[in-house]
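Structural features, examined
Given next are the chains, with one letter for each unit.
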Amino acid sequence: MTGSRVVALGHYQPAKVLTNDDLAALVDTSDEWITSRVGIKTRHVGGPDEPVDELAAHAGAKALAAAGLQPSDIDLVLVATSTAIDRSPSMSARVAARLGMGSPAVMDINVVCSGFTHALATADHTIRAGAATRALVIGADKMGDIADWTDRTTCVLLGDGAGAAVVTADPSAPDTPGGPGIGPVLWGSVPEMGNAVRIEGTPPRFAQEGQSVYRWATTQLPPIARKVCEKAGITPEDLAAVVLHQANLRIIEPVARKIGAVNAVIARDVVDSGNTSAASIPMALSKLVERGEIASGAPVLLFGFGGNLSYAGQVIRCP
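Attention in this report is confined to the structure presented alongside it. Just so you know, these numbers come straight off a predicted model, no measurement behind them. Residue indices follow the written sequence of each chain, beginning from 1 at its first position. Confidence filtering applies because this is a predicted model: local features only for residues at pLDDT of at least 70, side-chain atom pairs given and counted only at 80 or more, and all residues used for totals across whole chains, interfaces and linings. Processing note: side-chain calculations cover all non-hydrogen atoms of the structure and skip hydrogens and water entirely.

1. Some points on the overall build of the protein chain
Helical segments are the DSSP runs of H or I of at least four residues, strand segments are the runs of E of at least two, and each set is numbered from the N terminus. Across its full length, the protein chain holds 9 helices and 14 strands. Each radius of gyration reported is based on C-alpha atoms, and the globular scaling rule is 2.2 Å times the count of residues to the power 0.38. Taking 319 residues into account, the globule formula puts the C-alpha radius of gyration at 20 Å, and the protein chain, at 18 Å, falls close to it. Each of the three principal axes of the protein chain carries a C-alpha extent, and together these read 55 × 45 × 40 Å. Accessible area is worked out with a 1.4 Å probe on protein chains only. A residue is then buried under 20% of its type maximum, exposed over 50%, and partly exposed in between. Among the 319 residues that make up the protein chain, the fraction classed as buried is 58%. A separation threshold of at least 6 residues defines the contact pool for the protein chain, and within that pool the share at least 24 residues apart is 76%. Per-residue and other accessible areas were derived by the Shrake-Rupley procedure at a 1.4 Å probe size, with only the shown protein chains allowed to occlude residues. When the accessible surface of the protein chain is totalled, it reaches about 12300 Å², and 50% of it is carbon and sulfur. Of the side-chain charges in the protein chain, 26 are positive and 32 negative, and the distance between the mean point of each set is 4 Å. In what follows, a contact means two residues having at least one pair of non-hydrogen atoms within 4.5 Å. Charge counting treats Lys and Arg as positive and Asp and Glu as negative, with His and both chain ends excluded. Charged groups are reduced to one reference atom each: NZ for lysine, CZ for arginine, CG for aspartic acid, CD for glutamic acid.

Here's what the structure looks like:
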């Protein structure tokens, strides 16, 4: 069976940076309060003239350039986002138009913070089924557009950005030493707790039950992440990097520790970028690769979690 692998990555963030001190001028907060509770120092925020599909297209163009491919080479575009306001055209269709693609299949995937890992698995499955050969998978969100800038418990968390991966068919992947380029996905949800993270109303606003999410993430997710490694045929000690959803440093660090990835680089992009929802994993991974912190071919755990109380993870080989 044909497998697939990630061959290139790209990321993009708006130029405007919002510091903790900037937020302290808007709400009753401080740099010390934010840093001690969530570990975030800065976040990027796009303006009204920077729609989500523009962020996504910039990240996608960088990934295509890194892969040495033309937009016309892509036959599937998947965009994971929860901040699309319009129903149609979809974000994926708009990205395809911005990049001047031919006639790719286009689909949006809304699983909020675990959207990218769901989309990556969908691309892998589609290629394995023979329905596509080259996919552009993007996570992109403008969380600033749905933030309640009067609520100090949530507005300090959120940022804007996009990350992209080019995924291609790889006939040798099933026989590759160390496992396939994209390993089996393990995904699921906790429907009865779905209201713990919400984007609701007109206009839509982000809200969450922070303590419930924290307890669920730090207690329930580590054993699931270890099962992801098991499905990939490796141990947590084998991992070169762990890229969790960049929600909160107080979640990332204990979850990574409980997974047991003692030799891995742990992505901490949340410090500089905040919670960018579906963008957080591909953006953090792209930055690690750009800085040369992960060797090509090394195993990396990607694990998304959050809205819907959903989760999805897989081990990939670093491009």
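Here the narrative resumes.
2. Considering the packing of aromatic side chains
Aromatic pairing here means that ring centres of Phe, Tyr or Trp (its six-membered ring) are within 6.5 Å. Orientation follows from the plane angle: under 30 degrees is stacked, over 60 is edge-to-face, and everything else is tilted. Counted according to the given criterion, the structure contains 2 aromatic pairs. Ring geometry for Phe303 versus Phe305: centroids 6.4 Å apart, planes at 40 degrees, classification tilted. Take Phe303 and Phe305: they sit in the same class, and that class is buried. Seen in terms of ring centroids, Phe303 and Tyr311 are 6.5 Å apart; in terms of plane orientation they differ by 20 degrees. Their pairing is stacked. Under the relative-accessibility criterion, Tyr311 is labelled buried at 15%. Site record: aromatic cluster; members linked through ring pairs are Phe303, Phe305 and Tyr311. A ring is considered to have a charge above it if a Lys NZ or an Arg CZ atom is located within 6 Å of its centre and within 35 degrees of its normal. In this structure, Arg250 is placed above the aromatic ring of Tyr214, and the distance from its NZ or CZ to the ring centre is 5.2 Å.

3. Quick word on helix H7 (residues 249-259)
Within H7, burial applies to Leu249, Ile251, Ile252, Pro254, Val255, Ala256 and Ile259. Tucked into the core, H7 has its buried residues touching helix H2 (31-38), helix H6 (210-232), strand E11 (241-244), strand E12 (265-266), helix H8 (270-273) and strand E13 (299-306). One side-chain oxygen of the residue at the start of H7 lies 2.7 Å from the amide nitrogen of Arg250, identifying that residue as Asn248. Following H7 by one or two positions, Gly260 has its phi on the positive side, about 95 degrees. Counting of polar contacts relies on pairs of N or O atoms within 3.5 Å, with two restrictions inside protein: one atom must be capable of donating a hydrogen and the other of accepting it, and residues adjacent in sequence are counted only when both atoms are side-chain atoms.

4. Focus: the layout of surface pockets
Left-over empty space is what a probe sized like a water molecule reveals as it rolls over the atoms. The distinction between a cavity and a pocket rests on a 1 Å grid over the protein atoms alone: a 1.4 Å probe fits inside a cavity but cannot get out, while a pocket stays open yet meets protein on both sides within 12 Å along at least five of seven lines, and a residue with an atom within 4 Å of a point counts as lining. Grid points are joined across faces, edges and corners, and a volume is the space filled by probe spheres set on the points. Size it by volume and the largest pocket reaches roughly 450 Å³. Around the largest pocket, the lining is made up of 24 residues, and of these Val38, Leu157, Gln208, Gly210 and Asn248 lie nearest the centre. Listing elements by their share of the lining of the largest pocket, those giving two or more residues are H2, strand E10 (205-208), H6, H7 and E13. Tallying contributions element by element places H6 first for the lining of the largest pocket, with 4 residues.

5. Topic: the pairing of strand E14 (residues 310-317)
With respect to burial, E14 is a largely interior element, 8 of its 8 residues being buried. In E14, alternate side chains face the same way, and those of Ser310, Ala312, Gln314 and Ile316 on one face and Tyr311, Gly313, Val315 and Arg317 on the other are all buried. Two strands are counted as paired when DSSP detects at least two bridges linking them. Bridge count for E13 against E14 is 8 bridges, and the pairing is antiparallel. For Phe305, the partnering residue across the bridge sits in E14 and is Tyr311. What sits between the antiparallel neighbours E13 and E14 is a turn of 3 residues, in which Asn308 has the positive phi angle 75 degrees.

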